[in-house]
Every structure is written in C-alpha cells, then in structure tokens.
Amino acid sequence: MKRTITIIALLFFYIAANAQTIYVLSRDRGITTELMRSTVATIVLCIICGFLLALTRIILNDQLKRKMLEKGVPVEVIANMLPQKNELVIAIKWFSVLMSISVGLLIICFTPPLGIHSILIMTVCVALGFLGFYAWAKRLKG
C-alpha cells in the first residue's frame, strides 16, 4: 500500500514539474549554475554524513568491545560478533577516489569549455582512481 501511494505521489510531482516552462540547460546559465551548486552540495553532504556515520560506528564498536572484555566474554566470541573491516583499506580507497576526482577537476579547470568532454575526463579519472586502488589491494593480498 505504501509503495502505491509513493508511486502515485511521485507521478503527481513529475506531472507538476513538467507543467513548468522548458529550459534548455545549454542556453540558460543560471539554471546550470544552480544545478551544479545543488549537486556539489548534495555530494559534500553525503561525504560528511558518511564520514560521521563511519566514525560513530568505529567508536561504538570499540566501546562495545571494551565492555565485553570487562564482562569476561571470550576473545573468540568478540572476534566473531564484531565486523573485522580494515580501516586502512577503506581509507586508501577513499583517498584514491577523492584524489582522482580532484585531478579530474584540475584537468577540467585547464580545459575551459565545459561540455561532454568534462564528463568524460571525470569518468576516466575516477576509473583510473579505482583501478589504482584495485591494483594496490591486489598487491596487498598477494
């Protein structure tokens, strides 16, 4: 029932949004600028929220582990209950992704006409960042 109501509400909002006049993004710089600002703000907000959630999870897992050790729970049980993610690998992954994004933005800055080639530059830079992380992780395991 909730899905049906949600789909109908989204359909209504879609129809209401189409009632506006049609803007061509390449002609109207104000809308393009506002779209870019809102996109960047959303991405930054997601990164900050993800960082805060990860930090909270690490702190709470550490507190839980300490309380379990104080209560005398065996170490094997603690190791099986709590996730064993390597924070170093996660940090290197985020470093490679964010560094590749910054390199992509730097390249775009030196090639002024914004267009489809800017999207291609960013795509290639992010893909190379992930490829570098994959090579590093494979070398670390092997």
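Every chain's residues receive numbers from 1 upward, in the order its sequence appears when written. Only residues with pLDDT of at least 70 get local features here, since the model is predicted, and only at 80 or more are side-chain atom pairs given and counted; chain-wide, interface and lining totals rely on the full set of residues. Neither water nor hydrogens contribute to the side-chain values; these are computed over all heavy atoms in the structure.

Tell me about the overall build of the chain, and name the residues and values.
Secondary structure elements follow DSSP: runs of H or I of four or more residues count as helices, runs of E of two or more count as strands, with numbering from the N terminus. Looking only at helices and strands, the chain features five helices and zero strands. For every residue, the accessible area obtained with a 1.4 Å probe (protein chains only) is divided by the maximum for its type, and the residue is called buried under 20%, exposed over 50%, and partly exposed between those limits. Taking all 142 residues of the chain together, the buried fraction comes to 11%. The contact definition used throughout considers only heavy atoms, calling two residues in contact when any of these lie within 4.5 Å. Taking the contacts inside the chain whose residues are at least 6 apart along the sequence as the reference set, 36% of them involve residues at least 24 apart.

Pulling in residues and values, what's your account of the side chain of S118?
With respect to the element layout, S118 can be found in helix 5 (residues 116-141). Classification of S118 by relative accessible area gives buried; the value is 8%. In contact with S118, not counting residues within four places along its chain, are I108 and P113.

Let's hear about a nonpolar patch on the surface: which residues, and what values?
Only residues above 30% relative accessible area that lack a salt bridge enter a patch, with like-charged residues linked at up to 9 Å and the nonpolar side chains Val, Leu, Ile, Met, Phe, Trp and Tyr linked at up to 5 Å. Note on areas: Shrake-Rupley with a 1.4 Å probe; residue coverage comes only from the protein chains shown. Each reported salt bridge corresponds to a side-chain nitrogen of Lys or Arg within 4 Å of a carboxyl oxygen of Asp or Glu. A grouping of V40, V44, I48, F51, L52, L55 and I59 is seen on the molecular surface, where their side chains present a nonpolar patch of about 620 Å² in accessible area. Assignment of secondary structure puts L55 in helix 2 (residues 29-71). Owing to a relative accessible area of 36%, L55 belongs among the partly exposed residues under this scheme.

Would you mind going over helix 5 in detail, with residue names and values included?
A helix is expected to span 1.5 Å multiplied by its residue count minus one. Taking 1.5 Å of rise per residue, the 26 residues of helix 5 would be expected to cover 38 Å, and the 38 Å separating its terminal C-alpha atoms lies within 8% of that figure. Within the sequence span of helix 5, burial applies to S118, I121, M122, C125, G129, F133 and A137.

Kindly report on the pattern of salt bridges, identifying the contributing residues and their values.
With the rule as written, the count across this model stands at one salt bridge. Residue R66 is joined to D62 by a salt bridge in which the shortest nitrogen-to-oxygen separation is 3.3 Å. Of this pair, R66 and D62 both sit in helix 2, four residues apart, which is roughly one turn of that helix. A relative accessible area of 55% places R66 in the exposed class.

Pulling in residues and values, what's your account of the side chain of S100?
Looking at where S100 falls in the secondary structure, it is placed in helix 4 (residues 87-110). Note on S100: relative accessible area 8%, which makes it buried. Nitrogen and oxygen atoms within 3.5 Å of one another constitute a polar contact, given that in protein one can donate a hydrogen and the other can accept it, and given that sequence-neighbouring residues count only through two side-chain atoms. For S100, the side chain forms a polar contact with the main-chain oxygen of V97, separated by 2.7 Å. Those residues in contact with S100 that lie beyond four places of it in its chain are C125, V126 and G129.

Requested: an account of the environment of L98, with residues and values cited.
The topology assignment puts L98 in helix 4. Residue L98 is classed as partly exposed on the basis of its relative accessible area of 39%.

Explain the confidence of the model for the chain to me, using residue names and the numbers behind them.
A low pLDDT means the predicted coordinates there should not be read in detail. The quantity called pLDDT is the predictor's confidence in a given residue, expressed from 0 to 100. Looking at the chain as a whole, its pLDDT mean stands at 81, while 82% of the residues score no less than 70. For the chain, the element scoring lowest by mean pLDDT is helix 1 (residues 2-18), at 72; helix 5 scores highest, at 89.

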